[in-house]
Amino acid sequence: MFVVESPLGINMIERKLYYFDNNATTRVAPEVVDAMIPFLRDFWGNPSSAYRFGAQVAGRVEEAREKVAALIGAEPREVVFTSCGTESNNAALQSALATQPGKRHILTTAVEHPAIINHCQWLRKQGVDVTFLPVDAGGLLDVRLLGQSIRPDTALVSVMWANNETGVVFPIGEIAALCRSRNVLFHTDATQAPGRLKMDAAGADFLTLSAHKLHAPKGVGLLYVRRGAPFQPYLIGGHQERGKRGGTENVAGIVAFGRAAELALARMDDENTRVRGLRDRLENTILRSVPNTLRNGAKEPRLPNTSNIAFDFTEAEGILMMLDELGICASSGSACTTGSLKPSHVLTAMGVQPARAKGCVRFSLGCDNTDEDVDYLLTHIPGVIARLRETAPDKPARTRPARHPAGRAPVLVAESA
Ligand code: PLP
């Protein structure tokens, strides 16, 4: 449910929300809310305090650490809680450079999240050499080229586990083994992977997660730091997190993260099968029934919840606004680049031409989505696209009436090119 506000700010009606933007953020699960509330309301002591009112809280932080460690196959002491995925990514990059002053090269990919790409662009201005590896038309990486691009002065290889825009999954185990064999530190931004892929951090030196992608609240993340890996704290302050990250812990957020990790691990197999089924039905039906559409990115290996679709002769902005009117949430590109007029850097790196890239929409499903949600989207999307194409300056030559896939009212759609 969401509330529609009148211009006077008075809540008018409640409407059902059809949420297809789980790669941007996820709803905090009710079990997770229940777990964290006591740490906002009752147990608000500082975990670093010596007296019991504070110290008892520290035990709960450690329990949460065990739970998130189990999700990524790590030892609890290898988990450093942070404020978000962006901080974890920044910390990994900065630490690799700080602990290896003779190495001034970062090797990453052209399709990383802005939390890596923009930080690397900033590092370039500080004199660090950065290589952004290309991807192919399916968004896949050439691991051989990655190996050839490692240099004696490479401080860190940073490759995301799964792409937030297309869902394409990179072979992280293989890349980690390659980096290990070449004696170079390896970081993976695994923000989109937990609960959607089986994960084992063991091969990586550093790994990033963000709680709000996992049905926990915003403002908490983690950096896995392999035991024995050189590490320089990014936030320098108190002795929290075994000296690896200063700052009083976000206790309620951390407890929530732990509970969410526990739930994700328990539900992953069943949920992924169900969500994949919904995603495939959504994607296949759109591709079949809406002309001039195609999927961006390889079909596999891909996150089970993500579908990125190009609607030619449209602009994503218009699609998203019309969907929003219908209570449907989806997005173009990453949430962090929404509002930017530039085509997605991920699609551009895949060779998608600007005219096509501007009409691409990402649908990312989650455990709250149902068959009814998918039916609702499929009922409305052909009409939305047809209406936008009627006014598009570069619209396809002819339009013809078509039956809706679910056999409902006919809508006007463009003839296939
Ligand atoms: N990395 C990836 C792949 C993401 O999808 C995101 C968020 O969208 C981030 C990093 C940033 O995470 P946070 O919002 O916790 O800073």
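None of these values were measured; they are calculated from a predicted model. Numbers given for residues are sequential positions, taken from 1 along each chain in its written order. For this predicted model, a pLDDT threshold of at least 70 governs which residues receive local features, and a threshold of 80 or more governs which side-chain atom pairs are given and counted, while totals over whole chains, interfaces and linings are taken from all residues. The side-chain numbers reported here are obtained from all heavy atoms of the structure, hydrogens and water having been left aside.

Here we look at the overall build of the protein
- To qualify as a helix, a DSSP run of H or I must reach at least 4 residues; to qualify as a strand, a run of E must reach at least 2; elements of each kind are numbered from the N terminus. When its secondary structure is counted, the protein shows 11 helices and 16 strands.
- With a 1.4 Å probe rolled over the protein chains alone, any residue whose accessible area is under 20% of its type maximum counts as buried; one over 50% counts as exposed, and the rest are partly exposed. Expressed as a percentage of its 417 residues, the buried residues of the protein come to 53%.
- Residues are treated as being in contact if the distance between any of their heavy atoms lies within 4.5 Å. At a minimum sequence separation of 6, the contacts of the protein that also span at least 24 residues come to 71%.
- Accessible surface, the protein as shown: approximately 18,300 Å² in total, 55% of it carbon and sulfur. To be clear on the numbers: accessible area is Shrake-Rupley with a 1.4 Å probe, and residue cover counts the displayed protein chains and nothing else.

Some thoughts on the packing of helix H8 (residues 316-325) against helix H11 (residues 371-391)
- What counts as an axis is a line fitted to C-alpha atoms, over the stretch in contact for a helix, and the angles between N-to-C directions run from 0 to 180 degrees. Interhelical geometry of H8 versus H11 gives an angle of 135° and a closest axis separation of 10 Å. Taken as axis vectors, H8 and H11 run oblique relative to one another. Between H8 and H11 the crossing geometry is right-handed. Here H8 contributes Gly 318, Ile 319, Met 322 and Leu 323 to the contact with H11, which in turn contributes Leu 377, Ile 381, Val 384, Ile 385, Arg 387 and Leu 388.
- When residue character is reported, Ala, Val, Leu, Ile, Met, Phe, Trp, Tyr, Cys and Pro are called nonpolar, Asp, Glu, Lys and Arg charged, and the others, Gly included, polar. Broken down by class, the residue content of the contact of H8 with H11 amounts to 8 nonpolar, 1 polar and 1 charged. Each angle receives one of four descriptions, namely roughly parallel if under 35 degrees, roughly antiparallel if over 145, roughly perpendicular if within 65 to 115, and oblique otherwise. For a crossing to be left-handed, the near helix must be turned anticlockwise from the far one by less than a right angle; the clockwise case is right-handed.

Some words on the sheet that holds strand S11 (residues 293-295)
- Strand pairing requires that DSSP identify at least two bridges connecting the strands. Taken in spatial order, the 3 strands of this open sheet run S11-S12-S14, and their pairing is antiparallel. The open sheet is flanked by S11 and strand S14 (360-364), the only strands paired with a single partner. Shown here is a sheet whose adjacent strand axes are inclined to one another by a mean of 25°, direction ignored.
- Direction of pairing for strand S12 (residues 306-311) relative to S14: antiparallel, over a ladder of 5 bridges. Bridging from a neighbouring strand, Ile 309 pairs with Val 361 of S14.
- Sheet strands touched by helix H7 (residues 251-289): S11, S12 and S14. Its angle to S12, the strand with the most contacts, is close to 10°.

As for the packing of helix H3 (residues 85-99) against helix H4 (residues 114-125)
- Across the interface, H3 lies against H4 with an axial gap of 9 Å and an inter-helix angle of 35°. Handedness of the H3/H4 crossing: right-handed. In contact with Thr 86, Asn 89, Asn 90, Leu 93, Gln 94 and Leu 97 of H3, H4 contributes Ala 115, Ile 116, His 119, Cys 120, Trp 122 and Leu 123.
- In the contact of H3 with H4, the residues fall into 7 nonpolar, 5 polar and no charged.

Here's the deal with the site of the ligand
- In the vicinity of the ligand there are 13 residues, among which Thr 86, Asp 189, Gln 192, Ser 210 and Lys 213 approach most closely.
- Between the ligand and Gly 85 there is a distance of 2.8 Å, counted from an oxygen atom to a backbone nitrogen or oxygen.
- Within the side chain of Thr 191, a nitrogen or oxygen atom sits 3.4 Å from a nitrogen atom of the ligand.
- The protein chains hide 92% of the 390 Å² of surface that the ligand would expose on its own.
- A per-element tally of the shell around the ligand places H3 first, with 3 residues. One heavy atom within 4 Å of a molecule or strand makes the whole residue count as near it. Pairing of N or O atoms within 3.5 Å defines a polar contact, subject to two protein rules: one partner must be a possible hydrogen donor and the other a possible acceptor, and residues neighboring in sequence count only if both atoms are side-chain atoms.

A few points about the sheet that holds strand S8 (residues 186-189)
- With mixed pairing, the 7 strands of this open sheet are ordered in space as S4-S10-S9-S8-S7-S5-S6. The sheet is open, and its two edges are formed by strand S4 (79-82) and strand S6 (129-133), each paired on a single side. Strand-to-strand twist in this sheet, taken as the mean axis angle between neighbours without regard to direction, amounts to 20°.
- Bridging between strand S5 (residues 105-109) and strand S7 (residues 154-158) involves 3 bridges; their strand directions are parallel. Paired with Leu 107 across the two strands is Val 157, which belongs to S7.
- The sheet strands contacting helix H2 (residues 52-71) are S4, strand S9 (206-210) and strand S10 (221-225), and the helix crosses S4 at an angle near 110°.
- Packing of H4 onto the sheet brings it into contact with S5, S6, S7 and S8, and relative to S6 it is tilted by some 145°.

With respect to helix H6 (residues 172-181)
- Taken residue by residue, H6 has Ile 172, Ile 175, Ala 176 and Cys 179 as its buried positions. One face of H6 carries all of its buried residues, which in axial projection span an arc of 100°. Set apart from the buried face of H6 by more than 90 degrees, the exposed residues are Gly 173 and Ser 181.
- For H6, the secondary structure elements touched by its buried residues are helix H5 (143-149), S7 and S8.
- Backbone geometry just after H6 places Asn 183 at a positive phi near 60°. The directions from the helix axis to the C-beta atoms form the arc being described.

What about the layout of surface pockets?
- Points on a 1 Å grid over protein atoms alone make up a cavity when a 1.4 Å probe fits among them but cannot get out, and a pocket when they form an open set with protein on both sides within 12 Å along at least five of seven lines; lining residues each have an atom within 4 Å of a point. Grid points are joined across faces, edges and corners, and a volume is the space filled by probe spheres set on the points. Approximately 390 Å³ is the volume attributed to the second largest pocket.
- Looking at the second largest pocket, it is lined by 25 residues, and the ones nearest its centre are Gly 195, His 215, Ala 264, Glu 271 and Cys 367.
- Residue assignment for the lining of the second largest pocket shows that the elements contributing at least two residues are helix H1 (30-41) and H7.
- Looking at which element gives the most residues to the lining of the second largest pocket, the answer is H7, with 8 residues.
- Among the residues making up the lining of the second largest pocket, the classes are represented as 11 nonpolar, 7 polar and 7 charged.

Things to note about the side chain of Thr 191
- Considering the arrangement of structural elements, one finds Thr 191 in the loop between S8 and S9.
- Looking at Thr 191, its side chain comes within polar contact range of the side chain of Asp 189, at 2.5 Å.
- Filtering out sequence-adjacent residues up to four positions away, Thr 191 remains in contact with Thr 208, Leu 209, Ser 210 and Lys 213.

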